[in-house]
Amino acid sequence: MTRSDLVEELAARFGQLTHRDAEFAVKTILDAMSDALVRGHRIEIRGFGSFSINRRPPRMGRNPRSGESVAIPEKRVPHFKPGKALREAVDKRTAELNAAKPT
């Protein structure tokens, strides 16, 4: 699902929202989440999952073209951990879809 798919789904589910309002709502939520992660905060959405920042320590890498060693600096990367309800829902739906497939 892309961002525009999410906007379309939101506008379709809530008839009182115009496409522009749905787009603004999605943009606002994603911007707020990005800002919180940049500030180092953890985001927890009950039943869905949590977003946090993981630290990747500096390391030595290798340039695949030349083979020479390259120093890779420390990075902070976003990490998503799905919640129990989401994991169970995905597992259940996947099992249902696999059971429905003819073999």
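Located above this text is the structure these notes cover.
Residues numbered from 1 in each chain as written. Predicted model: local features only at pLDDT ≥ 70, side-chain atom pairs only at ≥ 80, totals over all residues. Heavy atoms only, no water.

### Comments concerning the pattern of salt bridges
Enumeration according to the criterion identifies eight salt bridges in this entry. Its salt-bridge partner being E9, residue R13 comes within 2.9 Å of it at the nearest N-O pair. Of the two residues, R13 and E9 are both situated in helix 1 (residues 3-13); the distance of four residues between them amounts to about one turn of the helix. Among the residues examined, R13 registers a relative accessible area of 62% and is labelled exposed. (Salt bridge = Lys/Arg side-chain N within 4 Å of Asp/Glu carboxyl O. Helix = DSSP H or I, 4+ residues; strand = E, 2+ residues; numbered from the N terminus. Buried < 20%, exposed > 50% of the residue type's maximum accessible area, 1.4 Å probe, protein only.)

### Considerations on the packing of aromatic side chains
Tallying each qualifying case throughout the model produces two aromatic pairs. Taking 5.4 Å as the distance between ring centres and 50° as the angle between the ring planes, the aromatic pair formed by F48 and F80 counts as tilted. Of this pair, F48 sits in the loop between strand 1 (43-45) and strand 2 (49-56) while F80 sits in strand 5 (residues 75-82); the two residues are 32 residues apart in sequence, bridging distant segments of the chain. Take F48: its relative accessible area is 37%, and that puts it in the partly exposed class. Ring pairs connect the aromatic residues F48, F51 and F80, which therefore count as one cluster. (Phe/Tyr/Trp six-rings, centres within 6.5 Å; stacked < 30°, edge-to-face > 60°.)

### A word on the packing of helix 1 against helix 2 (residues 19-38)
One can describe the packing of helix 1 onto helix 2 by two numbers: an axis separation of 9 Å at closest approach and a directional angle of 125°. When the axes of helix 1 and helix 2 are compared, the pair comes out oblique. Like other packed secondary-structure pairs, helix 1 and helix 2 cross with a definite hand, here right-handed. Where helix 1 abuts helix 2, its residues R3, L6, V7, E8, L10 and A11 lie against H19, A22, E23, A25, V26, K27 and L30. Of the residues belonging to the contact of helix 1 with helix 2, the class tally is eight nonpolar, one polar and four charged. (Axes fitted to C-alpha atoms, helices over the stretch in contact; angles between N-to-C directions. Parallel < 35°, antiparallel > 145°, perpendicular 65-115°, else oblique. Left-handed = near helix turned anticlockwise from the far one by under 90°. Contact = heavy atoms within 4.5 Å. Nonpolar A, V, L, I, M, F, W, Y, C, P; charged D, E, K, R; others polar.)

### Details of the nonpolar core
Of all hydrophobic cores here, the largest spans five residues; its members are M33, A36, L37, I43 and F51. Looking at this core, the element that brings in the most residues is helix 2, giving three residues. Contacts of A36, omitting those with residues within four sequence positions, involve H41 and I43. (Core = buried A, V, L, I, M, F, W, Y, C linked by side-chain atoms within 4.5 Å.)

Note that all results are geometric; they support no functional claim without further evidence.
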